[in-house]
Amino acid sequence: MSDKSGANAMWGGRFAAGPDAIMEAINASISFDKRLYKQDIEASRAHAAMLAACGIITNSDARAISEGLLTILSEIEGGTFEFSAALEDIHMNIEARLKALIGAPAGRLHTARSRNDQVAVDFRLWVRDQCDAAIASISALMQVLVAQAEAGADMIMPGFTHLQTAQPVTWGHHMLAYVEMLARDKARFADARARMNESPLGAAALAGTGFAIDREMTASALGFDRPTANSLDSVSDRDFAMEFLAAAAICGTHLSRLAEELVIWSSAQFRFVIMSDRFSTGSSIMPQKKNPDAAELIRAKGARINGALVAFLTMMKGLPLTYSKDMQEDKEQVFDAADTLMLSLAAMTGMMADLKPNPPALRAAAGAAFSTATDLADWLVRRLNLPFRDAHHVTGALVKLAEDKGCDLDELTLADMQTGHPEITQEVFAVLGVDNSVASRTSFGGTAPANVRAQVERWKEVLK
Ligand code: ARG
């Protein structure tokens, strides 16, 4: 949109020549903010309709604007629209094209509006859509994990603390731990969505406008609950993007932890799971290798989302009210984080749907390393009425004895056991098995298969 001197027609009155090429390169955002085209057109159409309804522009101008914008929408979606860096951003690219298409009425669209409230509303609409997409993708992953939990409700595996074998648990219980985490992620996106659902459109540059506009009308046309209440805040607020990034970073962290478990579990040392070929790759030199690349990449992509959050917070932290051009740097971080999260969720969903646990290996590992020592201590408390601290001490001595003899706890003789406490009976051996151990953990939230099955039913209901 330059006149003959090369000066920009939007604010060219004051400028003698066009921008330096480097200025254009640093200033233009069209290369990335073109992703907001749909939101920009939607918001402009709502604005034009409102201007006409309020008698600020004529109905025929509003109609021409609206039809012109729809033409532009199909040009962009059809790949025939020519984006220009000289026109800086998506807002000016679209407005310039509107002028070319419909002439004079195009110039009336920007009445009672500024690019500051325009970009704020476009970006909010985009982030709001991403919250919905994240919620849907997380739900899909939860469903796959619930199916894994159902199939392995009583499949015994070791539970770890410090990555040391701790107590036997079930595969189903482990899967449902991630379902809980993902449910919180989903709730975070839903909370953020509810909070961001106010329309900044009509705040104009920063102070509001003297035109008798109807902000309720544009807010409701765009699916917002209400207009934002302070014009300064409206154009300077990016909390909605920060909340999205924070929710994405936490979710990415959860995915990264599961990915890390898959990397460990699929190793030859663990053999807890068999990953499908669809999500693994081979080595160019070692023919036997099957590498868990998708899991490793999900683990790494969490870092990228965290980086986006930190970059965004740092970009905002020193900005005075209201809009500063710094805020043009808000979009790439959010676009990249959103793409990264969606890809990670899709890959994890595919991987977990294909994943085959290996019950014999899981069971063998669950019984190793004296994993039922706590059950022995609990038995001493229950049957011999020892205080737990004493029972812990006796059990520790028996673990030491088994270690010295190179056997498991349940391979000690009764005489061995009685060196720990003379009143120990044969009955103690019943609690040393992994099945009994797991079945006994019936406290609410515990790993007993009956609990897991009940939770599976609950989640199936929730996710219906
Ligand atoms: N491209 C700009 C951005 O993304 C649009 C807002 C420009 N506003 C302004 N006062 N220069 O932030």
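Residue indices begin from 1 for each chain and proceed along its sequence in written order. Reporting in this predicted model follows two pLDDT cut-offs: at least 70 for local features of residues, and 80 or more for side-chain atom pairs to be given and counted; totals over whole chains, interfaces and linings ignore these cut-offs and use all residues. Excluding hydrogens and water, the side-chain figures rest on all heavy atoms present in the structure.

A word on the pattern of salt bridges. Only one rule defines a salt bridge in this text: a Lys or Arg side-chain nitrogen within 4 Å of an Asp or Glu carboxyl oxygen. Inspection of every chain in the model, using the stated rule, returns 28 salt bridges. With its nearest N and O atoms 3.9 Å apart, the salt bridge here joins E77 to K38. With E77 in helix α4 (residues 59–78) and K38 in helix α3 (residues 37–53), this pair connects stretches of sequence that are 39 residues apart. Residue exposure (1.4 Å probe, protein chains only): buried if accessible area is under 20% of the type maximum, exposed if over 50%, otherwise partly exposed. Classification of E77 by relative accessible area gives partly exposed; the value is 46%. Assessed through its relative accessible area of 43%, K38 is described here as partly exposed. E180 serves as the salt-bridge partner of R458, at 3.1 Å between the closest nitrogen and oxygen. Of this pair, R458 sits in helix α18 (residues 449–463) while E180 sits in helix α7 (residues 171–196), and the two are 278 residues apart along the sequence. Numbering of helices and strands runs from the N terminus, with a helix taken as a DSSP run of H or I at least four residues long and a strand as a DSSP run of E at least two residues long.

Bringing the confidence of the model for the protein into the picture now. Chain-level pLDDT for the protein is 95 on average; 96% of the residues reach the 70-or-more range. The model gives residues 1–5 a pLDDT under 50, and that stretch makes 14 contacts with residues more than four places away or in other chains. Each residue carries a pLDDT score, the predictor's own confidence in it, on a scale running from 0 to 100. Contacts were defined at the residue level, with two residues in contact if any of their heavy atoms lie within 4.5 Å.

Turning our attention to the site of the ligand. Note on terminology: near, applied to a residue and a molecule or strand, indicates that one of the residue's heavy atoms is within 4 Å of it. Taken together, the neighbourhood of the ligand is formed by S29, D33, D89, H91, R115, N116, V119, Y323, Q328 and K331. S29 places a side-chain nitrogen or oxygen 3.4 Å from a nitrogen atom of the ligand. Summarising the interface, the protein chains cover 86% of the accessible area of the ligand, which totals 340 Å² for the free molecule. Among the elements that take part in the shell around the ligand, helix α6 (residues 115–151) stands out by supplying three residues, more than any other. Under this definition, polar contacts are N or O atom pairs within 3.5 Å; protein pairs additionally need one hydrogen-donor-capable and one acceptor-capable atom, and for neighbouring residues in sequence, both atoms have to be side-chain atoms. Using a 1.4 Å probe, accessible areas were evaluated by the Shrake-Rupley method; residue-level cover was limited to the displayed protein chains.

Our next topic: the packing of α3 against α6. Fitted lines through C-alpha atoms give the axes, limited to the stretch in contact for helices. The angle between two N-to-C directions lies from 0 to 180 degrees. Across the interface, α3 lies against α6 with an axial gap of 9 Å and an inter-helix angle of 120°. Between α3 and α6, the angle falls in the class oblique. Every pair of crossing elements has a handedness; the one defined by α3 and α6 is right-handed. Contacts between α3 and α6 involve Q39, D40, E42, A43 and S44 on the former and, on the latter, Q118, V121, D122, L125, W126 and D129. Gly is placed with the polar residues, together with every amino acid not listed as nonpolar (Ala, Val, Leu, Ile, Met, Phe, Trp, Tyr, Cys and Pro) or charged (Asp, Glu, Lys and Arg). Here the residues of the contact of α3 with α6 are counted per class, giving four nonpolar, three polar and four charged. To sort the angles, those under 35 degrees are grouped as roughly parallel, those over 145 as roughly antiparallel, those from 65 to 115 as roughly perpendicular, and the leftovers as oblique. Definitions for this section: a left-handed crossing has its near helix turned counterclockwise from the far helix by less than a right angle. A right-handed crossing has that turn clockwise.

This part is about the pairing of strand β1 (residues 156–161). By this definition, two strands are paired if DSSP reports at least two bridges between them. Judged from the six bridges that link them, β1 and strand β2 (residues 164–170) form a sheet pairing that is antiparallel. For T161, the partnering residue across the bridge sits in β2 and is Q164. The antiparallel pairing of β1 with β2 creates a hairpin that spans two residues between the two strands, and H162 there sits at a positive phi of about 55°.

This paragraph deals with the side chain of N358. Counting through the fold element by element, N358 comes out in the loop between β6 (356–357) and α13 (359–367). With residues up to four places along the chain from it excluded, the contact list for N358 reads R271, F272, V273 and I274.

Right, let's get into unusual backbone geometry. Cis geometry is found at the peptide bond from L321 to T322, where omega equals 5°. Located in the positive-phi region is A112, a residue other than glycine, with phi close to 60°.

This paragraph deals with the environment of H254. Its location among the elements puts H254 in helix α10 (residues 239–265). Residues H254 and V310 lie 56 residues apart in sequence; the distance between their C-alpha atoms is 18 Å. Not counting residues up to four positions away in its chain, the partners in contact with H254 are Y178, M181, D185 and R188.

Given two aromatic rings, their pairing is described by the distance between the two centres and the angle made by the two planes. Note on ring pairs: Phe, Tyr and Trp rings are taken, using the six-membered ring of Trp, and paired if centres are within 6.5 Å. Classes follow the plane angle, with under 30 degrees stacked, over 60 edge-to-face and the rest tilted. Inspection of every chain in the model, using the stated rule, returns 10 aromatic pairs. Between F160 and F270, the aromatic rings sit 6.2 Å apart at their centres with planes inclined by 50°, giving tilted as the arrangement. One end of the pair, F160, is in strand β1; the other, F270, is in the loop between α10 and β5 (273–274), with 110 residues separating them in the sequence. With a relative accessible area of 25%, F160 lands in the partly exposed category. Taking the centre distance of 6.5 Å and the plane angle of 45° together, the rings of W265 and F272 count as tilted. Like F272, W265 is buried. An aromatic cluster is defined as three or more aromatic residues linked by ring pairs; in this entry it consists of F160, W171, W265, F270 and F272. One Lys or Arg, R128, reaches over the ring of F224 and ends 4.9 Å from the middle of that ring. As a reminder, the over-ring test applies to NZ of lysine and CZ of arginine, requiring each to be within 6 Å of the ring centre and within 35 degrees of the ring normal. A cation over a ring is seen here: K331 above F123, with NZ or CZ 5.8 Å from the ring centre.

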